[in-house]
Amino acid sequence: MSRKIMKVFSSLLALALCLAAVPAAFAADDPVCVLDVTVALEGTLPEPAETLSVVMQADDASYPMPAGAVDGTYTMSVSGAGTYSFPTITYSRVGVYTYTIWQEPGTDATCTYDDTVYTLTVYVTNREDGTGLDSTAILYPDASGDKAGSATFTNVYPTITPTPDPTDPPATATPTPTGDAPKTGDDSNIALWAGIVALCACGLGAVVVLRKKESAR
C-alpha cells in the first residue's frame, strides 16, 4: 500500500473516530424531579402514630412517574410528622408534565385532615448549548397562588387534658400566711432599750441643769 493511500486511510479513520466521539461529548444525564412532602401534626397525637397515604397522580398516564407507580398513580405511606420524598422521576423527552398531589384522610374521626390539593408542573426543555435536557418544577397549592417548596399537610387532632388518677395522693397545699402569724422580733428587748435611752436622757438633762445653777452662783 502506497504512502498516499495510507495517509488517506489514516485521515478517514481519524474522522470516523471524531464522529463517533461526538454523541459521547454531548451526552448528559436526563433531568429528574424529586418532590418533598411535609407532614405537620397538632394537638394530642395518637400513639402509635397514624399511617397516612399521600398520592401523586399524573394528569396523563403516559407521563413519567416514580418507580412503582401503577397506571399513572403512586401512593406513598407516611407515619407521624416529618419530611418525606417521592421517588425520583426521570425525564427523557421535551414536554410539559402535570401531576396532582393530595393526602388521603385517615380513620380518626376526631382529627381534621388537611385536604389541600397541589398541582405539580414539570417543564422539560432542550439546553441552549445542545448538551441535553433541562427541567423546571413548579408546585402550587389549590388555596393560594403562591409557589410552594414542598407539599405540606397539617393535620389537627383535638387537645386532650389528662384525667387525674384517683389513686394518686392529693397534693399538699402550701399554708397561706395570716395576720396572726408569729412575730420574729422580741418586744421585751425593744422596751428595755427604750427605757435605758429615756433614763440616760433624763440624767443628761439633770446634769445640764445643775451646771447652770452652779454657774449662776
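Residues numbered from 1 in each chain as written. Predicted model: local features only at pLDDT ≥ 70, side-chain atom pairs only at ≥ 80, totals over all residues. Heavy atoms only, no water.

## Focus on the overall build of the protein chain
For step 1, the next point in the chain: Of the regular secondary structure elements, the protein chain holds 2 helices and 10 strands.
For step 2, the next point in the chain: Of the regular secondary structure in the protein chain, the N- to C-terminal order runs α-β-β-β-β-β-β-β-β-β-β-α.
For step 3, the next point in the chain: Residues classed as buried in the protein chain amount to 22% of the 217 residues present.
For step 4, the next point in the chain: The long-range share in the protein chain, meaning contacts at least 24 apart out of those at least 6 apart in sequence, stands at 66%. (Helix = DSSP H or I, 4+ residues; strand = E, 2+ residues; numbered from the N terminus. Buried < 20%, exposed > 50% of the residue type's maximum accessible area, 1.4 Å probe, protein only. Contact = heavy atoms within 4.5 Å.)

## Points about the pattern of salt bridges
For step 1, the next point in the chain: If you walk through the whole model with that rule in mind, you get 1 salt bridge.
For step 2, the next point in the chain: The shortest N-O distance in the salt bridge between Arg127 and Asp134 comes to 3.1 Å.
For step 3, the next point in the chain: Of the residues examined, Arg127 reaches a relative accessible area of 27% and is grouped as partly exposed. (Salt bridge = Lys/Arg side-chain N within 4 Å of Asp/Glu carboxyl O.)

## Comments concerning the sheet that holds strand S10 (residues 151-156)
For step 1, the next point in the chain: With mixed pairing, the 3 strands of this open sheet are ordered in space as S5-S2-S10. Strands at the two margins of the open sheet, each flanked by one partner only, are strand S5 (82-85) and S10. Mean inter-strand twist for the sheet, computed between neighbouring axes without regard to direction, equals 20°. (Pairing = 2+ DSSP bridges. Axes fitted to C-alpha atoms, helices over the stretch in contact; angles between N-to-C directions.)

## Things to note about the nonpolar core
For step 1, the next point in the chain: Ranked by internal contacts, the top residues of the largest apolar core, which has 30 residues, are Met56, Phe86, Tyr99, Ile101 and Leu120.
For step 2, the next point in the chain: Every element with two or more residues in this core is listed here: strand S2 (36-42), strand S3 (51-58), strand S4 (73-79), strand S7 (95-104), strand S8 (118-126), strand S9 (133-141) and S10.
For step 3, the next point in the chain: Ignoring anything within four residues of it in the chain, the contact list for Phe86 reads Val34, Leu35, Val37, Val54, Val55, Met56, Tyr74, Met76 and Ile101. (Core = buried A, V, L, I, M, F, W, Y, C linked by side-chain atoms within 4.5 Å.)

## Topic: the environment of Pro105
For step 1, the next point in the chain: Along the chain, Pro105 turns up in the loop between S7 and S8.
For step 2, the next point in the chain: Among the residues examined, Pro105 registers a relative accessible area of 56% and is labelled exposed.
For step 3, the next point in the chain: On a C-alpha basis, the gap between Pro105 and Leu52 in space is 7.2 Å, while along the polypeptide they are 53 residues apart.

## Thoughts on the packing of aromatic side chains
For step 1, the next point in the chain: Tallying each qualifying case throughout the model produces 5 aromatic pairs.
For step 2, the next point in the chain: Centroid distance Tyr63 to Tyr99: 6.2 Å. Interplanar angle 65°. Geometry classified as edge-to-face. Here Tyr63 is found in the loop between S3 and S4, whereas its partner Tyr99 is found in strand S7, with 36 residues between them in sequence.
For step 3, the next point in the chain: Between Tyr91 and Tyr97, the ring centres sit 5.1 Å apart and the planes meet at 40°, which makes this aromatic pair tilted. By the burial criterion, Tyr91 is buried, and Tyr97 matches it.
For step 4, the next point in the chain: Joined through ring pairs, the aromatic side chains of Tyr63, Tyr91, Tyr97 and Tyr99 make up one cluster. (Phe/Tyr/Trp six-rings, centres within 6.5 Å; stacked < 30°, edge-to-face > 60°.)

## A few points about the sheet that holds S3
For step 1, the next point in the chain: Overall, antiparallel pairing links the 5 strands, which are arranged S4-S3-S7-S8-S9 in an open sheet. Strands at the two margins of the open sheet, each flanked by one partner only, are S4 and S9. Direction aside, neighbouring strands of the sheet carry axes that sit 20° apart on average.
For step 2, the next point in the chain: Pairing of S8 with S9 involves 9 bridges; the strand directions are antiparallel. Bridging from a neighbouring strand, Thr125 pairs with Asp134 of S9.

## A word on the confidence of the model for the protein chain
For step 1, the next point in the chain: With 66% of its residues at a pLDDT of 70 or more, the protein chain has an overall mean of 80.
For step 2, the next point in the chain: Counting interchain partners and residues more than four positions distant, the pLDDT-below-50 stretch residues 3-27 has 6 contacts. (pLDDT = per-residue confidence, 0-100.)

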